[in-house]
Amino acid sequence: HADDASLENGNGGGGSIGPARYLDFSLGSNPSEFQSILDEMQNEIESVGREIVEMVDLQDPKAFQHCDWKYCSCHEFRRRFRGDTVWSREREGGVEW
C-alpha cells in the first residue's frame, strides 16, 4: 500500500502505518529460523487483533480514525453518519475527509 494517501498525511487510526514492506524474504535455513519467523508474524497478527478489541471495547465511535487506503471503504461509510457522531480531521485541526 505504498501509494496510499495515509502514508503522506500520517493518518491511519493511530496504528503502525508506514511504507510497504518487502515480504519475499528467506524463511530461514533451518527449522528453528523458520519457526522464529512464524512466531514473529503470529505476534504481529495477535497485536493487530488486540488493538481491534481494545478499540471496540471503548464503545466510542469517535475513537476510530478512518484511513485513506484506496482499498478500504471505512472513510466512505463515515459519510453516512452525522458529522458530530464520528471522528473527523476537521475537528482535529486538519482537513475534513
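Bear in mind the structure is a predicted one, so any value in this text is a computation, not a measurement.

**Q** Give a description of the overall build of the protein that names residues and reports values.
**A** Summing up its helical and strand segments, the protein has three helices and zero strands in all. Traced from its N-terminal end to its C-terminal end, the protein shows the element sequence α-α-α. Expressed as a percentage of its 97 residues, the buried residues of the protein come to 16%. Here the analysis covers contacts within the protein between residues at least 6 apart in sequence; of these, 34% occur between residues at least 24 apart. For the protein, the accessible surface area stands at approximately 7400 Å², while carbon and sulfur atoms represent 55% of it.

**Q** Let's hear about helix α2 (residues 31-57): which residues, and what values?
**A** Spanning 27 residues, α2 covers 38 Å between terminal C-alpha atoms, matching the ideal 39 Å at 1.5 Å per step. Two or three places before S32, at the start of α2, stands the capping residue N30, its side-chain oxygen 3.0 Å from that residue's backbone nitrogen.

**Q** I'd like a rundown of the confidence of the model for the protein, residues and numbers included.
**A** The predicted model of the protein averages 75 in pLDDT, with 72% of residues at 70 or higher. Mean pLDDT across the secondary structure elements of the protein bottoms out at helix α1 (residues 5-9), with 49, and peaks at α2, with 92. A low-confidence stretch, residues 8-14 stays under pLDDT 50, and its non-local contacts, those more than four residues away or across chains, total 14 contacts.

**Q** So what's going on with unusual backbone geometry? Residues and values would help.
**A** At Q59, a residue that is not glycine, the phi angle is positive and equals roughly 55°. Checked against the element boundaries, Q59 lands in the loop between α2 and α3 (74-78). A residue is classified by how much of its surface remains accessible, and Q59, at 65% relative accessible area, is exposed.

**Q** Could you give me a rundown of a nonpolar patch on the surface, with the residues and numbers involved?
**A** There is a patch of nonpolar side chains on the surface, built from L27, F34, L38 and M41 and spanning about 320 Å² of accessible area. Looking at the secondary structure, you find F34 in helix α2. On the basis of relative accessibility, which here comes to 35%, the residue F34 falls in the partly exposed class.

**Q** I'd love a proper account of the pattern of salt bridges, names of residues and values included.
**A** For the coordinates displayed, the defined rule picks out one salt bridge. A salt bridge links D84 to R82, with the nearest nitrogen and oxygen atoms 3.2 Å apart.

Rules and cut-offs
- Residues numbered from 1 in each chain as written.
- Predicted model: local features only at pLDDT ≥ 70, side-chain atom pairs only at ≥ 80, totals over all residues.
- Heavy atoms only, no water.
- Helix = DSSP H or I, 4+ residues; strand = E, 2+ residues; numbered from the N terminus.
- Buried < 20%, exposed > 50% of the residue type's maximum accessible area, 1.4 Å probe, protein only.
- Contact = heavy atoms within 4.5 Å.
- Areas by Shrake-Rupley, 256 points an atom, 1.4 Å probe, with all protein chains shown as cover.
- Expected span 1.5 Å × (residues − 1).
- Polar contact = N/O pair within 3.5 Å; in protein donor to acceptor, adjacent residues only side chain to side chain.
- pLDDT = per-residue confidence, 0-100.
- Patch = residues over 30% accessible without salt bridge, like charges linked within 9 Å, V, L, I, M, F, W, Y side chains within 5 Å.
- Salt bridge = Lys/Arg side-chain N within 4 Å of Asp/Glu carboxyl O.

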